2 protein chains.
Amino acid sequence: MKLEHGTPMDIEGESMRIIQAELEARGIVLPPDRAAVVKRVIHTTADFDYAEHLRFTPGAVEAGVAALKAGTPIVTDTNMARAGVSAAACGRLGAERLCCMADPEIARRARERGTTRAAAAVDLWADLHPEAVFAVGNAPTALLRMAELMEAGRLRPALVIGVPVGFVNVVESKERIWSLCRARDIPAIVAMGRKGGSTVAAAICNALLYQAAGMR
Amino acid sequence: MKLEHGTPMDIEGESMRIIQAELEARGIVLPPDRAAVVKRVIHTTADFDYAEHLRFTPGAVEAGVAALKAGTPIVTDTNMARAGVSAAACGRLGAERLCCMADPEIARRARERGTTRAAAAVDLWADLHPEAVFAVGNAPTALLRMAELMEAGRLRPALVIGVPVGFVNVVESKERIWSLCRARDIPAIVAMGRKGGSTVAAAICNALLYQAAGMR
């Protein structure tokens, strides 16, 4: 059995070299501003489909990095995604990691309004942090509610990370948010198609955070 | 835009029907005891590769469900996986969700021993809960340390969930733990190859927990 020995950072560097080599073997050349995000998502999933499915509005990476440098909070739609966002990088930048999905008050509001907890959570964050970085890895209803609030002028994210995973409403929710962000010049990174998830959402946040904090 | 409306449970049921239909279209027939686990992993990743890559030792699902019914704790190698394991199901069963990766004492032990935090964490759990359900979604070094302790008779998991993701040591660590579990008759569910991750680890735990708690 062949095993590499080294620190976690050595292993990560070796992984990134393998990913780069396999991208080249597939004839894929990533735009320089997007390469770190795409490669970190592949590192997190071992799935090269993301090299084709991740879409970026022009300047999305730059906008996300600038927002995080300024300490903009990151709102996630699952506690799992929140747990995957680098606490060390957020600490350096003074950026909070926010999620309220487990809050009983959100469950109460969702019942009251006949909506999902994810949508009720978006309403809360639109009041508290309408210009946050919003990272959605799970709930298409969060993206759809964000689109409504963006159209109503109640939400203007510094960056939308739209990567829910699944089989029902997911593709449609990503197409909707992508069109809207394009039309309104709101920075967005979206994984078109069915794939995504909390680990993907966290990986995109981390790629931006590491650049913002000068950690990689 | 076509959108399904309904409760999260309706949406999950519809997702599972789509997954079943696409499995049939691919000519894949899942053994009944394993179907719930495989389908929940596909539900979590939108990646049908798992229908081929997930391997189960004979009786692994039954052993995992029985252990969780008895309130056996679940140890994870990331806080992200821990956050993804159903708190509601664990609450019903009295099963704890355990992870110590963020504990400064683990970082100290890892430095002292020249190992990874994940391996140092396995040492701790081998002392505290050697018969836990161990779910590894990230760190191949956790699986490799588990193999060493299992060979030394210091660890006898109720179930090994071996699904780390990545490009360096990952495939080898999964082959090692798979062979060892087969040889020693230790229940195991392993995602062969590079793919896996914290969401996959949590999804497997949840499929077993829902069966154990009668929640689906």
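Notes on the structure in this doc start here. Just so it is clear, the structure is predicted and the values come from calculations on it, not from any experiment. (Residues numbered from 1 in each chain as written. Chains lettered and ligands numbered in written order. Predicted model: local features only at pLDDT ≥ 70, side-chain atom pairs only at ≥ 80, totals over all residues. Heavy atoms only, no water.)

In total, this model carries 32 salt bridges over all chains according to the counting rule given. Its salt-bridge partner being Arg26(B), residue Glu22(B) comes within 3.9 Å of it at the nearest N-O pair. For Arg26(B), a relative accessible area of 48% corresponds to the partly exposed category. Put simply, Arg109(B) and Glu105(B) hold a salt bridge, and the shortest N to O gap is 3.0 Å. Note that Arg109(B) and Glu105(B) are positioned in helix 7 (residues 104-113) at a spacing of four residues, about one turn of the helix. When salt bridges that share partners are traced, they join Asp47(A), Asp49(A), Lys195(A), Asp47(B), Asp49(B) and Lys195(B) into one network. (Salt bridge = Lys/Arg side-chain N within 4 Å of Asp/Glu carboxyl O. Buried < 20%, exposed > 50% of the residue type's maximum accessible area, 1.4 Å probe, protein only. Helix = DSSP H or I, 4+ residues; strand = E, 2+ residues; numbered from the N terminus.)

Taken residue by residue, the interface counts 35 residues in chain A and 35 residues in chain B. Approximately 2900 Å² of surface area, both sides summed, lies buried where chain A meets chain B, with 71% of it carried by carbon and sulfur atoms. The three residues of chain A that bury the most area against chain B are Met80(A), Phe167(A) and Val168(A), which together make up 25% of that side's buried surface. Run the count over chain A and chain B and you get four salt bridges. Two residues, Glu22(B) and Arg194(A), come together in a salt bridge whose shortest N-O distance is 2.5 Å. (Contact = heavy atoms within 4.5 Å. Buried area = accessible area lost by both parts, 1.4 Å probe.)

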